[in-house]
Amino acid sequence: MLIMPFIYVLDQILLLYICNNVKWYDITECVIESIETESSCAYLSFSIDGAYLGANRIAMNFFPELVKMRVDAHLKGETELQQHIMSWIEKYRKSKILTDYCQMTEFNYSGRHYKCEVKVLRQVHGKNVFLFRIEDNTQEQQYIDALGRSNSMLQKNMVQTENEKLSVQEKWIVGMAQMAESRAGNMDGHIKRTSEVVKILVSMMRKKGFDNLSDKFLDVLIAAAPMYDLGKVAIDDAVLRKPGRFNVDDREIMKTHAEKGANIIEKLLSDVKDSYFVSVAKNMALYHHERWDGKGYPEQRSGEDIPMEARIMALADVYDALVSKRCYKERMSFREARDVILASMGKQFDPHLKDSFLECQDQLMDYYCSVDH
């Protein structure tokens, strides 16, 4: 009995030693620190009644007033940022949604443009808190605004005759597409060539009487083709102009060009009365990297859930990439490119396009032999 207290103390010391060693293998804090270091997004949190709970380092860089804000201090609407946050909290209260609330919004602050995702998270003891995820979207917005100003200027100067309007619109679209291409230094002529491939393929589909495709759809498809890669104007130069193959991170950044392109087209063509043209152009930009087997991006659509205009654009885009020279590869022969496309029918490409693609091989070869690629 006399040695029992000593054994108990020894047991506690041994337990503390084991716990201390186990802690060496706990990487939670390291992972959290790594994620925060690599992230480019600001995170800040408030309680349901508007009390400040905290923010990460990036949020404090975006909004310096947070540095001086005391934890548990309530919003009073004294600053521009507080007014934005209070308005988002008020929207939640009016929505009467107690869980799974998520809202996207955009706002300007100190000359910068931000995208904000507002979520309500259920915490311990049944209390909810607001989590704000904020991304600096200034560069993309500047491109959209610049293109929008160009659009407005062209519209003001357009003459009234219908033929002249169509001519100006076509030059405007091609000009925007060339601007996107000029930023990607290793893809000279890509947009013009893919547009021509679309024209050749669509002409063959029209000749064969392709089912359920009207002449209007095919005409609009040809006219909108140069716009499909506009999203690249919003990709950072360090990635877009990289002289070589992309790594994993580069590819993830490049994948965003599809959604960015659709966003640019939607905002840029908001004043165009022909909503059908806008819809086709937007679909081509957003879905031209989807695959027939559902393994593409950004939405992993498959089969006929992918709009026909995007399926046609996908084939034209890949064909030009195969037969053209890049800084990281030599061009394929026309026969090799044809075989690669055929092998991908039913996987990457719509198998219904196979016959039309095969029958326009001569026209494709004649065209590419006449241009630099």
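Cut-offs and rules
- Every chain's residues receive numbers from 1 upward, in the order its sequence appears when written.
- pLDDT decides what is reported in this predicted model: residues at 70 or higher carry local features, side-chain atom pairs at 80 or more are listed and counted, and totals for whole chains, interfaces and linings draw on all residues regardless.
- Based on all heavy atoms of the structure, the side-chain values leave hydrogens and waters out of the count.
- Secondary structure elements follow DSSP: runs of H or I no shorter than four residues count as helices, runs of E no shorter than two count as strands, and numbering proceeds from the N terminus.
- Contacts are assigned to residue pairs with any non-hydrogen atoms lying within 4.5 Å of each other.
- Each aromatic pair joins two rings of Phe, Tyr and Trp (for Trp, the six-membered one) with centres within 6.5 Å, and gets the label stacked for planes under 30 degrees apart, edge-to-face for over 60, and tilted for any other angle.
- Accessible area is worked out with a 1.4 Å probe on protein chains only. A residue is then buried under 20% of its type maximum, exposed over 50%, and partly exposed in between.
- The arc refers to the directions leading from the helix axis to the C-beta atoms.
- Every patch collects residues that have over 30% relative accessible area and no salt bridge, joining them within 9 Å if they carry like charges and within 5 Å if they are nonpolar side chains (Val, Leu, Ile, Met, Phe, Trp, Tyr).
- In this description, accessible areas are obtained by the Shrake-Rupley approach with a 1.4 Å probe, and a residue is regarded as covered only by the protein chains that are shown.
- By definition here, a salt bridge exists when the distance from a side-chain nitrogen of Lys or Arg to a carboxyl oxygen of Asp or Glu is within 4 Å.
- Comment: axis = line fitted to C-alpha atoms, over the contacting stretch for helices; angle = value between 0 and 180 degrees taken between N-to-C directions.
- Geometric relationships in this document are graded by angle, where less than 35 degrees denotes roughly parallel, more than 145 denotes roughly antiparallel, 65 to 115 denotes roughly perpendicular, and other angles denote oblique.
- If you view the pair so one helix is near and one far, a crossing is left-handed when the near helix is turned anticlockwise from the far one by less than a right angle, and right-handed when it is turned clockwise.
- Each residue is assigned to one class: nonpolar for Ala, Val, Leu, Ile, Met, Phe, Trp, Tyr, Cys and Pro, charged for Asp, Glu, Lys and Arg, and polar for all the others, Gly among them.
- To define a nonpolar core, start from buried Ala, Val, Leu, Ile, Met, Phe, Trp, Tyr and Cys residues and group those joined through side-chain atoms within 4.5 Å.
- Multiplying 1.5 Å by the helix residue count minus one yields the expected span of that helix.
- Any two strands between which DSSP finds at least two bridges are classified as paired.

A. Layout of the overall build of the chain. Helices and strands together make up the secondary structure of the chain, namely 16 helices and five strands. Of the contacts formed within the chain by residues at least 6 apart in sequence, a portion of 55% connects residues at least 24 apart.

B. Region of interest: the packing of aromatic side chains. Under the definition given, this model contains 15 aromatic pairs. Aromatic pair Phe62 and Phe63: ring centres 6.1 Å apart, planes at 85°, arrangement edge-to-face. Overall, Phe63 belongs to the buried group, its relative accessible area being 0%.

C. Main features of helix α14 (residues 334-343). Restricting attention to buried positions, one finds in α14 the residues Phe334, Ala337 and Ile341. Burial along α14 is one-sided: seen end-on, the buried residues are contained in an arc of 65°. Residues Arg335 and Ala343 are exposed on α14 and point more than 90 degrees away from its buried face.

D. Quick look at a nonpolar patch on the surface. Where nonpolar side chains cluster on the molecular surface, the patch consists of Ile3, Met4 and Ile7 and spans about 300 Å² of accessible area. Residue classification places Ile3 among the exposed positions, given a relative accessible area of 56%.

E. Looking closely at the packing of helix α7 (residues 190-207) against helix α16 (residues 361-369). Contact pair α7 / α16: the axes reach a minimum separation of 10 Å and the direction vectors enclose 155°. Considering their axes alone, α7 and α16 lie roughly antiparallel with respect to each other. Here the hand of the crossing between α7 and α16 comes out right-handed. Residues Lys192, Arg193, Glu196, Val197, Ile200 and Met204 of α7 touch α16, and the partners they reach there are Gln363, Leu364, Tyr367 and Tyr368. Class assignment for the residues of the contact of α7 with α16 results in six nonpolar, one polar and three charged.

F. Expanded view of the nonpolar core. Val198, Met284, Ile312, Leu315, Tyr319, Ile341 and Phe357 are the most contacted members of the largest nonpolar core, which has 44 residues in total. Of all the secondary-structure elements, those providing two or more residues to this core are α7, α8 (215-224), α12 (275-287), α13 (308-323), α14 and α16. Among the nonpolar cores identified, the runner-up in size contains 25 residues, and Tyr52, Ile58, Phe62 and Met69 belong to it.

G. Region of interest: α13. Counted at 1.5 Å a residue, the expected span for α13 with its 16 residues is 22 Å, and the 23 Å between its end C-alpha atoms agrees. Summarising burial for α13: 14 of the 16 residues are buried, a large majority.

H. Layout of the side chain of Arg311. Position of Arg311 among the secondary structure elements: in helix α13. Exposure remark for Arg311: the relative accessible area of 11% places this residue in the buried category. Look past the residues within four positions of Arg311 in its chain and what remains in contact with it is Trp292, Gly303, Glu304, Ile306, Asp350 and Leu353.

I. View of the packing of α13 against α16. In contact at an axis separation of 13 Å, α13 and α16 are set at 50° when each is read in the N-to-C sense. With respect to their mutual orientation, α13 and α16 come out oblique. Pair α13 / α16 crosses with right-handed handedness. Residues Tyr319, Asp320 and Val323 of α13 form the contact with α16, whose participating residues are Gln361, Leu364 and Tyr368. Tallied by class, the residues present in the contact of α13 with α16 amount to four nonpolar, one polar and one charged.

J. Broad picture of the side chain of His257. Looking at where His257 falls in the secondary structure, it is placed in helix α11 (residues 257-268). When neighbours within four sequence positions are excluded, His257 is seen to be in contact with Asp229, Gly231, Lys232, Ile235, His288, His289 and Tyr297.

K. Region of the structure containing the pattern of salt bridges. Tallied over the entire structure, the rule returns 16 salt bridges. A salt bridge links Glu252 to Lys255, with the shortest nitrogen-to-oxygen separation between them at 3.4 Å. With Glu252 and Lys255 both in helix α10 (residues 248-255) and three residues apart, the pair spans about one turn of that helix. Residue Glu252 is classed as partly exposed on the basis of its relative accessible area of 44%. Given a relative accessible area of 31%, Lys255 falls into the partly exposed group. Of the charged contacts in the structure, one is a salt bridge between Asp293 and Arg291, with a shortest N-O distance of 2.8 Å. Among the residues examined, Arg291 registers a relative accessible area of 22% and is labelled partly exposed. Salt bridges sharing partners connect three or more residues here, namely Arg206, Asp215 and Asp219.

L. Expanded view of the sheet that holds strand β5 (residues 128-136). Read from one edge of the open sheet, five strands run β2-β1-β5-β4-β3, paired in antiparallel fashion. In this open sheet, the two edge strands, each paired with only one partner strand, are β2 (52-55) and β3 (102-109). The mean inter-strand angle of the sheet, taken between neighbouring strand axes irrespective of direction, is 25°.

M. Local environment of unusual backbone geometry. Following Tyr297, the chain continues to Pro298 via a peptide bond in cis, the omega torsion being 15°. Position of Pro298 among the secondary structure elements: in the loop between α12 and α13. For Asp72, which is not a glycine, the phi torsion comes out positive at approximately 80°. Mapped onto the elements of the fold, Asp72 is located in the loop between α3 (57-62) and α4 (80-95). Of note in this structure, Gln300 is not a glycine but carries a positive phi near 55°. Topologically, Gln300 is positioned in the loop between α12 and α13. We classify Gln300 as partly exposed; its relative accessible area is 47%.

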